[in-house]
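Here are the chains, one letter per residue:
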Amino acid sequence: MSFQIGSPVTSAFNTPATERPPAKRQQSGWRPPVAPSPYERGAPVGQPQDGYFAGAPTSVPQPPTSHSGLPTPISSQQASTPQMYGQPSVDGLNQQFGQMGMDGAGSQPVRKKKDRHAYHQIEQPQASAQQYNGMQNGAPNGQAGQNGQAWQQTSQPWQSQSLNQPPMPSPVPQGTPISMDSGQHGQQGAPGSNRVDPNQIPSVPLSRDTAAEHYKTHVYPTMEQHVPPPATTPFVAFDQGSASPKHARLTLNTIPSSNEQLHHTGLPLGLVLQPLAKQAEGEQAIPVLDFGDVGPPRCRRCRAYINPFMIFSNGGNRMTCNLCGHPNEVGPEYFAPTDPSGIRVDRAQRPELTLGTCEFLVPKEYWSKPPVPMRYLFVLDTSAESCSRGFLQGVCDGVLAALYGDDLTIPDEDEDDDEEVEQQPSKLPPGARVGFVTFDREMHFYNVSALLSSPQQLVMSDLEDPFAAISPEHLFVDPAECKSNIVKLLKQTPQMFYNIKHAEPALLPILQAALATLNDTGGKIICSLGSLPTYGPGKLFVRDKGTTTTEDSDQHKALLKTEYVGFKKLQADLVKAGAGIDFFLAAPAGGYLDIASIGYVAEKTGGETYYYPNWSYPRDTLPLQKELEHNVQREQGFASLMKVRCSNGLQVAHYSGNFTQHTFGADLELASITQETGMSVTFSYDGKLDPKQDAHFQSALLYTTSTGQRRVRCSNVVARVSESARDAMRFVDQDAVLSIMAKESVAKIGDRSLKDIRQALQDKTVEILAGYRKHSSGGHASGQLVLPEGLKEFAMYSLGLLKSRAIKGGREPTDRRIQEARMLKGMGPAETSLYLYPRMLAVHNLEPGEGFADDTGHLKMPAAIRTSFACIEEGGVYIVDNGQILLLWLHAQTSPNLLEDLFGEGMNSLQALDPNLNALPVLETHLNAQVRNVLLHLESQRGSKGLAIQLARQGLDGAEYEFARLLYEDRNGEASSYVDWLVQLHRSVGMELSGQKTKTTSEDVSQTVSNTISSITGAVWGGT
Ligand SMILES: [Zn+2]
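Computed from a prediction, not measured in an experiment: that's the story for all the values here.

Below, the discussion takes up the overall build of the protein chain. What the protein chain contains, in helices and strands, is 23 helices and 31 strands. Per-residue burial over the protein chain gives 61% buried out of 1024 residues. Nonlocal contacts in the protein chain, meaning residues at least 24 apart in sequence, comprise 76% of its contacts between residues at least 6 apart. Carbon and sulfur atoms provide 49% of the accessible area of the protein chain, an area that totals close to 38000 Å².

Turning our eyes to something else, we now look at the coordination of the zinc ion. The zinc ion binds to the protein through Cys299 (SG), Cys302 (SG), Cys321 (SG) and Cys324 (SG), with metal-donor distances spanning 2.3 Å. Viewed at the metal, the four donor atoms of the zinc ion are separated by angles of 101 to 115°, and the geometry they form is tetrahedral. Between consecutive donors of the zinc ion, the numbers of intervening residues give the motif C-x2-C-x18-C-x2-C. Linking cysteine 299 in the loop between strand S9 (288–290) and strand S10 (311–313) with cysteine 321 in the loop between strand S11 (318–320) and strand S12 (327–329), this pair joins segments that are 22 residues apart in sequence. In this structure cysteine 321 comes out as buried when scored by relative accessible area, which is 0%.

As a further point, take the side chain of histidine 444. Residue placement: histidine 444 occurs in strand S16 (residues 443–447). Of the residues examined, histidine 444 reaches a relative accessible area of 3% and is grouped as buried. A distance of 3.2 Å separates a polar atom in the side chain of histidine 444 from a polar atom in the side chain of glutamate 442. Beyond its immediate stretch of four places on either side in the chain, histidine 444 contacts Phe436, Val437, Thr438, Phe439, Gln457, Leu458, Val459 and Phe497.

Right, let's get into unusual backbone geometry. Across the chain, the bulk of peptide bonds are trans and the bulk of non-glycine residues have phi less than zero. Proline 618 follows tyrosine 617 through a cis peptide bond whose omega is 5°. Tracing the chain through its elements places proline 618 in the loop between strand S20 (609–612) and helix H12 (621–633). The residue aspartate 594 is not glycine, and still its phi comes out positive at about 55°. As for its placement among the helices and strands, aspartate 594 is situated in the loop between strand S19 (579–586) and helix H11 (595–605). The phi dihedral of alanine 639 is positive, around 50°, even though this residue is not glycine. As for its position among the elements, alanine 639 is in strand S21 (residues 636–646).

Most of strand S30 (residues 949–953) sits out of view: five of its five residues are buried. Sheet topology note: the strand S29 (residues 886–890)/S30 ladder contains five bridges and is parallel. Within S30, the position partnered with leucine 886 by the bridge is isoleucine 949.

Of all the eight residues making up helix H18 (residues 829–836), seven are buried; the element is thus mostly covered by neighbouring parts of the structure. Regarding H18, the residues found buried are Pro829, Glu831, Thr832, Ser833, Leu834, Tyr835 and Leu836.

Working note: a packed helix pair is described by the angle between its axes plus the distance between those axes. One can describe the packing of helix H19 (residues 896–903) onto helix H20 (residues 926–940) by two numbers: an axis separation of 7 Å at closest approach and a directional angle of 60°. Considered as vectors, H19 and H20 are oriented oblique to each other. In the crossing of H19 with H20, the sense of the turn from one axis to the other is right-handed. Together, Leu898, Asp901 and Leu902 of H19 and Leu927, Asn928 and Val931 of H20 make up the contact between the two elements. When grouped by side-chain class, the residues that make up the contact of H19 with H20 number four nonpolar, one polar and one charged.

Bringing the pairing of strand S14 (residues 375–381) into the picture now. Of all seven residues that make up S14, seven are buried, and the element is covered over most of its length. Neither face of S14 is exposed, since Arg375, Leu377, Val379 and Asp381 on one face and Tyr376, Phe378 and Leu380 on the opposite face are all buried. Pairing of S14 with strand S15 (residues 433–439), which is carried by seven bridges, proceeds in the parallel orientation. Bridged to tyrosine 376 within S15 is valine 434. As judged from the four bridges shared by S14 and strand S18 (residues 523–529), these two strands associate in the parallel manner.

Moving on, we come to the packing of helix H14 (residues 734–747) against H18. Between H14 and H18, the shortest axis-to-axis distance is 10 Å and the interhelical angle comes to 80°. What the angle tells us is that H14 and H18 run roughly perpendicular. Residues Asp735, Leu738, Ser739 and Ala742 of H14 form the contact with H18, whose participating residues are Pro829, Thr832, Ser833 and Leu836. Each residue belonging to the contact of H14 with H18 can be placed in one class, and the counts come to four nonpolar, three polar and one charged.

Moving on, we come to the packing of aromatic side chains. Taken as a whole and judged by the stated rule, the model has 19 aromatic pairs. Here phenylalanine 584 and tyrosine 610 contribute two aromatic rings whose centre-to-centre distance is 4.3 Å and whose plane-to-plane angle is 5°, an arrangement assigned as stacked. Taken together, the positions of phenylalanine 584 in strand S19 and tyrosine 610 in strand S20 put the pair 26 residues apart, joining distant regions of the chain. As far as the burial class goes, phenylalanine 584 and tyrosine 610 line up, both buried. Over the ring of tyrosine 305 we find arginine 298, and its NZ or CZ is 4.0 Å from the ring centre.

Pairing of side chains with opposite charge becomes possible as their charged atoms draw close. Under the counting rule described, the total for this entry stands at 40 salt bridges. Aspartate 407 is the salt-bridge partner of lysine 483, the closest N and O atoms lying 3.6 Å from each other. Residue lysine 483 is found in helix H7 (residues 483–498), and its partner aspartate 407 is found in the loop between helix H5 (391–404) and S15; the two are separated by 76 residues along the sequence. A relative accessible area of 5% means that lysine 483 is categorised as buried. The closest approach of N and O atoms between glutamate 812 and lysine 808, which form a salt bridge, is 3.1 Å. Residue lysine 808 is classed as buried on the basis of its relative accessible area, which comes to 15%. Within this structure, Arg805, Lys808, Glu812, Glu820, Glu962 and Arg965 form a network of salt bridges that share partners.

Looking now at the sheet that holds strand S22 (residues 650–656). Here we have four strands laid out as an open sheet, ordered S6-S8-S24-S22, and antiparallel in their pairing. Either end of the sheet is taken by a strand with one partner, and the two such strands are strand S6 (248–250) and S22. The sheet shows a mean angle of 25° between the axes of neighbouring strands, taken without regard to direction. Where strand S8 (residues 270–273) and strand S24 (residues 679–685) come together, four bridges link them in antiparallel fashion. Along S24, the bridge assignment pairs glycine 270 with threonine 682. Of the strands in this sheet, S6, S8, S22 and S24 touch H14, which is tilted by about 100° from S24.

Turning next to the confidence of the model for the protein chain. Per-residue pLDDT for the protein chain has a mean of 81; in total, 76% of the residues score no lower than 70. Throughout residues 1000–1024 the model reports pLDDT below 50, and contacts reaching past four residues in sequence, or to other chains, amount to 81 contacts.

Moving on, we get to the environment of methionine 460. Within the secondary structure layout, methionine 460 lies in strand S17 (residues 456–460). Considering only alpha carbons, one finds methionine 460 and isoleucine 470, 10 residues apart in sequence, at a separation of 9.5 Å. With near-sequence residues (within four places) excluded, methionine 460 lies in contact with Glu442, Met443, Phe445, Pro466, Phe467, Ala469 and Ala513.

Let us look at the nonpolar core. In this structure, Leu271, Ile525, Phe697 and Ile749 are the most contacted members of the largest nonpolar core, which totals 138 residues. The biggest single contributor to this core is helix H15 (residues 754–775), with eight residues. Two domains each put at least three residues into this core: domain 2 (375–409 + 425–633) and domain 3 (838–967). Phe391, Ala402, Phe584 and Tyr617 belong to the second largest nonpolar core, which has 39 residues in total.

Cut-offs and rules
- Residues numbered from 1 in each chain as written.
- Predicted model: local features only at pLDDT ≥ 70, side-chain atom pairs only at ≥ 80, totals over all residues.
- Heavy atoms only, no water.
- Helix = DSSP H or I, 4+ residues; strand = E, 2+ residues; numbered from the N terminus.
- Buried < 20%, exposed > 50% of the residue type's maximum accessible area, 1.4 Å probe, protein only.
- Contact = heavy atoms within 4.5 Å.
- Areas by Shrake-Rupley, 256 points an atom, 1.4 Å probe, with all protein chains shown as cover.
- Donors = N, O, S within 2.8 Å, 3.2 Å for Na, K, Ca; no water.
- Tetrahedral: all angles 85-135°; square planar, octahedral: opposite > 155°, others 65-115°.
- Polar contact = N/O pair within 3.5 Å; in protein donor to acceptor, adjacent residues only side chain to side chain.
- Pairing = 2+ DSSP bridges.
- Axes fitted to C-alpha atoms, helices over the stretch in contact; angles between N-to-C directions.
- Parallel < 35°, antiparallel > 145°, perpendicular 65-115°, else oblique.
- Left-handed = near helix turned anticlockwise from the far one by under 90°.
- Nonpolar A, V, L, I, M, F, W, Y, C, P; charged D, E, K, R; others polar.
- Phe/Tyr/Trp six-rings, centres within 6.5 Å; stacked < 30°, edge-to-face > 60°.
- Lys NZ or Arg CZ within 6 Å of the ring centre and 35° of its normal.
- Salt bridge = Lys/Arg side-chain N within 4 Å of Asp/Glu carboxyl O.
- pLDDT = per-residue confidence, 0-100.
- Core = buried A, V, L, I, M, F, W, Y, C linked by side-chain atoms within 4.5 Å.
- Domains from an automatic or database assignment.

In structure tokens:
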């Protein structure tokens, strides 16, 4: 059977040049939002202003802006230094930091004093000459791909068999010889013996930066056989019929024809999905198509939706399904004749026949209940801890900001009684409604109707038989219409409950009553909680007393899941009602919250849990407020179902993510889905795929938008099929592989021991590298570790996963473990990548043009550096961002001038800085503007977490432990360094290839290093 869908006349490859996005984006997706570049004020570009940091700033710095207009702290118990929960041993840290001696006598070369200021040259990794996967800089768009040429235009573009030559392998010489001279390992013998040079091993920062630079001036065409850009790369995709990688990433963009060939790669065949992913400026908006009462055309057999790969024949009367091959009759309502080449004459006008991602409005048969705009129910904890620690204050301010931004003025009703009061719209989608509930030992519903002069409180204290004390019609209101009472309520609430102080909150009955208000419509509950709910039915206990000595005991495993029937029942009822729940949890004193039980409800409804483990007021109010704002204003939907279909010969094996799936093969149920929601699906083989035909995948998300439309969003992905594993490996997508491995690993938490999970990850990594060695790479000496070109940084990322809070060895509070595990399970690939390897930037040696727009109109970012102490300079200031938290680490000997330029006059020592600082003041210094711009750029790349600074001053702040933990290339606790990890993998791959079964644990690392280091001579990283 032919899968021909287009002649050259109509294929995506022949889109007239005028209809394609320009190769160079004319408009920058990024504009400097703060201080203009000083160069526009006359300073020549590229000329460092000598002595800029040598004296006081010439302009008078403005006072730091008030970030939230918050009242004075309520709590008297603020720690001056933030406490870190679960601190590693101080000895280990001191040892690590000891390399950076205060006297400069560390392992770093001693620098001249003048170098300690802001103009240090960044030491480029030695591999900087390495090209990005063979991409030729400046190659015309679509002409040269990452792994070779574009998918050649043929008369039948989807018939890949007509390409008798596979894409050319990268022209770059494969691999980089390792220089064997480095002092990284203390264990190994005599001077001059061979060592792995840590500067020569594959660099995550370099690979990211190179791709980011390329995609500043290139679009990503979805059907020209490029491997998608690394997930952290900001890029513009051009949808040519296959979905953008932002929505769907295949692990293998050329699919092995048989299970045996797939097995040779050691890789999963899977798809990572982020159905509502945010699009970039410059990308075509996803069309919403209305097929009226009949709904979108679908295959009668497999129910696949219409897509660009359906084949029309018989003059347009027959539509052959690209997924199951079923020949469908085309109904009169969708009929169009075909032209002589077999193409529907209306194809060019029909987005569903040309685009990989489309949305369809769907008729009543797709409804479970009449769709209405989103109802947000805010359920706020007003019990003692929440009040006294400033958490309730932060939440109320955050909700106000989320609804109205900065504008809290209330239209004056008394004076304009007769006139139409002009309403400022709220920040919510049109039609969305809000309701408010507070709780401690009892529950208070609020009527904030505009008809009332002030909010009315209705108390519900029957926790045994909870009910909604107010009808949904009165509870849920238009936030613009009822602004006056909502502002009053949220402004008064913190003070009102401050004096009541019920010591402990109930939770389960409260949520049951909250659900009762959403039963008929679905919607979303946003619940804040400031202490363990130890009151009433479903009360929780301090299960984790911190007494488990090992993370592998059964006791520890049990703490990572929940057995509370009440919470499970609640979760099931929420899903049935189409109501998701997001939690905002604060543990003011680092206390236990049983997130395993509470967060379970969010997890299974597709919701999210935000956790502030060391809540500190006012420091944490900034991220809290940003997260609340983003939470309600982002693209999202509810009452959703999700299904993935694939070509004949393949079948869905397994889904991973945060959702409910009742039985194997059933649709995924996500009561809540947002632009950040990510999930993965793996496939297995029914038989052998025909390499003459392409493989097709389609994901379909049925959901209600926040404006109340019932829609299906479809993303279609097509891939070549090849008989060779080697061919498939050329088109491997590292981010997709890592996302699936991460999601599947953390999904086992609670059932398997963490040690087993880590071991399985390590075994998988070895299997992939050994499989590649055995089946895909040839001609390398046995003493070489060969990393596939497309998986060059894979080993580092998998080490990052092993070091993540979710599965790392050593002690870790169960709240934090399970929180991060669920987070990882629900993330998209970009957030995952950053989480597995943080971005580190040096602030003290920014070039003058960095942090401002470059000549393409994009922000010029400083080169990222490896997350290792070896890359840290004396007197340096560093940003470390893992997409969840951002630390600003300052060396003890940071120049006072630099501090004043960054933080303002008088801030000339680390001690002078406010430990609660969470954002930079707005100053008129060059450095300050640069860093604020860099932070804004980082913020624009964030997922659901708001960006706020946390200070980590050397020797002063507890956050320094977190900084050390995030240096993923270094040895940390029992987890090995990057170099040691590669050596260990090399040894295991060798044993695998020689038929010996490997069973290496991390404890063996040091031995491994000494055993194998001498055997690696002239090792090669990289390969074909
Ligand atoms: Zn079908």
